[in-house]
There are 2 protein chains.
Amino acid sequence: MSRSHTDVPDGAAEFADEACPITEVLDHVAGKWSIGILVAAAHGPIRFTELERTVKGISRRMLTLNLRKLERDGLLTRTVHPTVPPKVEYALTPMARELHATLGELVGWAERHRPAITAARAAYDAKPAA
Amino acid sequence: MSRSHTDVPDGAAEFADEACPITEVLDHVAGKWSIGILVAAAHGPIRFTELERTVKGISRRMLTLNLRKLERDGLLTRTVHPTVPPKVEYALTPMARELHATLGELVGWAERHRPAITAARAAYDAKPAA
DNA sequence: CGGTATCCGGTATGATACTG
DNA sequence: CAGTATCATACCGGATACCG
């Protein structure tokens, strides 16, 4: 995204300057699966297959990609146990744990307003031309 | 996100089932431009062109689409002033203002850890095979 | 078990042009 | 000013198959 780093009016603005890099970061946690993975891993180290089952709906491919992305961003640690049946565990980093708390609020907001949002959509769709 | 309305059992589990609706909601604010638009509008009613300039980087098309989506979700109100030069103002709904506060924390987190994330990426990219 | 590789469609986004 | 219409494209993400 990129709201750039150019000028910033005064009103709603100084957002742009700081938002650019911020959004870049946010986009990583804003992905379709990122939050789900983060939450799933919040309870402690979790294995690949576990994640696959927990974040039900995610494909192996997407799980891997997101896991790599989160790992790269320093939100998850990937620990490979050189055992016979491969065992890889993913765990949140301290930084991610902080995020998790904030995410909890976001989720709380979503839960609180889900009915309202659903209603708003219905209303909006009901009178498109009205 | 996840634990919806129940509490999280012990594992990371029944997350999937209940997360669905939550994710659906979150996905709307998690879009590439949603947060930017929301923040830009947080300072008060803002006009289309203003948004176009503030959320710099966004195309007119995406602005419109996101604006509609946010309006449909009941996060933004669209007020058309029947003046000669069309004037349309977008403002946050109370529900969105609440979200804004939470978003602020998310942004705060992003700001606090941006350096760490950047460093993590650099480190990750530096020793891929190491 | 834990991935990686490939094929493929749907959507998000960008660029451009036109309109009320 | 505030969109809408259209076109082309990049990438997301699912399904499937193969590998260490």
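Counting of residues starts from 1 at the beginning of each chain's written sequence and follows it residue by residue. Chain labels run from A onward and ligand labels from 1 onward, assigned in the order the entries are written. Given that this is a predicted model, residues contribute local features only at a pLDDT of at least 70 and side-chain atom pairs are listed and counted only at 80 or more, while totals for whole chains, interfaces and linings are drawn from all residues. Remark: hydrogens and water are excluded; side-chain values derive from all non-hydrogen atoms of the structure.

For chain A, the name recorded in an unreviewed UniProt entry is Helix-turn-helix transcriptional regulator, with Streptomyces mobaraensis as its organism.

**Here's the deal with the overall build of chain A**
The helix and strand tally for chain A stands at five helices and three strands. Where helices and strands are cited, they refer to DSSP runs of H or I of at least four residues and of E of at least two residues respectively, numbered from the N terminus. When the helices and strands of chain A are read in sequence order from the N terminus, they spell out α-α-β-α-α-β-β-α. The cut-offs for exposure are 20% and 50% of the maximum accessible area for each residue type, with area from a 1.4 Å probe on protein chains only; residues under the lower value are buried, those over the upper are exposed, and the others partly exposed. The buried share of chain A, reckoned over its 130 residues, is 48%. Residues are treated as being in contact if the distance between any of their heavy atoms lies within 4.5 Å. Counting only contacts in chain A whose residues sit at least 6 apart along the sequence, the fraction spanning at least 24 positions is 38%. Note on areas: Shrake-Rupley, 1.4 Å probe, and residue coverage restricted to the protein chains presented here. A total of about 6,400 Å² of accessible surface is found on chain A, and carbon and sulfur atoms cover 56% of it.

**Here's the deal with the protein's contact with DNA strand C**
For this description, a residue counts as near a given molecule or strand if any of its non-hydrogen atoms is within 4 Å of it. Around DNA strand C sit 19 residues, and of these Thr49(A), Thr64(A), Arg78(A), Tyr90(A) and Arg61(B) come closest. Taken together, the sugar and phosphate atoms account for 60% of what DNA strand C places within 4 Å of the protein. Distance and chemistry together define a polar contact, namely a pair of N or O atoms within 3.5 Å, with one atom able to donate a hydrogen and the other to accept it when in protein, and with adjacent residues in sequence counting only for side-chain atoms on both sides. One nitrogen or oxygen atom from the side chain of Thr49(A) is found 2.4 Å from a phosphate oxygen belonging to DNA strand C. Contacts to DNA strand C include Arg78(A), whose side-chain N or O atom sits 2.3 Å from a phosphate oxygen. Looking at the surface near DNA strand C, the elements that each hand over two or more residues are α3 (48–54), α4 (60–72) and β3 (87–92) of chain A together with α4 (60–72) of chain B. Sorting elements by how many residues they give to the surface near DNA strand C places α4(A) first, with four residues. Three categories are distinguished: nonpolar for Ala, Val, Leu, Ile, Met, Phe, Trp, Tyr, Cys and Pro, charged for Asp, Glu, Lys and Arg, and polar for the others, with Gly belonging to the last. Here the surface near DNA strand C is built from residues that sort into seven nonpolar, four polar and eight charged.

**What to know about helix α5 (residues 94–126) of chain A**
Between its terminal C-alpha atoms α5(A) stretches 46 Å, which fits the 48 Å expected from 33 residues at 1.5 Å a residue. Helix geometry: α5(A) is bent most strongly at His113(A), by close to 55°, with proline Pro115(A) lying one to four residues after it. Here the expected length of a helix is defined as 1.5 Å per residue gap, with one fewer gap than residues. One axis is fitted to the seven residues ending at the residue and one to the seven starting there. The bend at that residue is the angle between these axes.

**Quick notes on the protein's contact with DNA strand D**
Around DNA strand D sit 19 residues, and of these Thr49(B), Arg60(B), Thr64(B), Arg78(B) and Tyr90(B) come closest. Backbone atoms, meaning sugar and phosphate, form 62% of the atoms of DNA strand D found within 4 Å of the protein. Arg61(A) has a polar side-chain atom sitting 3.1 Å from a base nitrogen of DNA strand D. Between a base oxygen of DNA strand D and a side-chain N or O atom of Arg60(B), the distance comes to 2.8 Å. Mapped by element, the contributors of at least two residues to the surface near DNA strand D are α4 of chain A together with α3 (48–54), α4 and β3 (87–92) of chain B. Sorting elements by how many residues they give to the surface near DNA strand D places α4(B) first, with four residues. Considering only residue class, the surface near DNA strand D consists of seven nonpolar, four polar and eight charged.

**What about the sheet that holds strand β1 (residues 46–47) of chain A?**
All names here are of chain A. What the three strands build is an open sheet, ordered β1-β3-β2; its pairing is antiparallel. Every interior strand has two partners, whereas the edge strands, β1 and β2 (76–81), have only one. Of the strand pairs in this sheet, β2 and β3 are connected by six bridges, and their pairing is antiparallel. Along β3, the bridge assignment pairs Arg-78 with Tyr-90. The strands that α4 touches are β2 and β3; relative to β2, the one it contacts most, it runs at about 115°. Note on pairing: DSSP must find at least two bridges between two strands before they are called paired. A fitted line through C-alpha atoms represents every axis, and for helices the fit uses only the stretch in contact; the resulting angles, taken between N-to-C directions, go from 0 to 180 degrees.

**Thoughts on the pattern of salt bridges**
All names here are of chain B. Salt bridge criterion: a side-chain nitrogen from Lys or Arg within 4 Å of a carboxyl oxygen from Asp or Glu. Within this structure, the stated rule accounts for twelve salt bridges over all chains. With its nearest N and O atoms 3.2 Å apart, the salt bridge here joins Glu-52 to Arg-60. The exposure class of Arg-60 is exposed, given its relative accessible area of 55%.

**A closer look at the packing of helix α2 (residues 34–41) of chain B against α4(B)**
Residues and elements named next belong to chain B. At a closest axis distance of 10 Å, the pairing of α2 and α4 adopts a crossing angle of 75°. What the angle tells us is that α2 and α4 run roughly perpendicular. Between α2, through Ser-34, Ile-37 and Leu-38, and α4, the contact on the second element is made entirely by Leu-63, Asn-66, Leu-67, Lys-69 and Leu-70. Of the residues contributing to the contact of α2 with α4, the split by class is five nonpolar, two polar and one charged. Orientation categories follow fixed angle ranges, with anything under 35 degrees roughly parallel, anything over 145 roughly antiparallel, 65 to 115 roughly perpendicular, and all other angles oblique.

**Some words on the pairing of β3(A)**
All names here are of chain A. Examined bridge by bridge, β1 and β3 share two bridges and lie antiparallel to one another. Looking at β3, one finds that Arg-47 is bridged to Glu-89. In this antiparallel pair of consecutive strands, β2 and β3, the connection spans five residues.

**A short note on the nonpolar core**
The nonpolar core is taken to be a set of buried Ala, Val, Leu, Ile, Met, Phe, Trp, Tyr and Cys residues, with the residues joined through side-chain atoms within 4.5 Å. Membership of the largest hydrophobic core comes to 64 residues, with the highest contact counts inside it found for Ile37(A), Leu51(A), Leu76(A), Trp109(A), Ile37(B), Leu51(B) and Leu76(B). Filtering out sequence-adjacent residues up to four positions away, Ile37(A) remains in contact with Leu51(A), Val55(A), Ile58(A), Leu63(A), Asn66(A), Leu67(A), Leu70(A) and Leu76(A).

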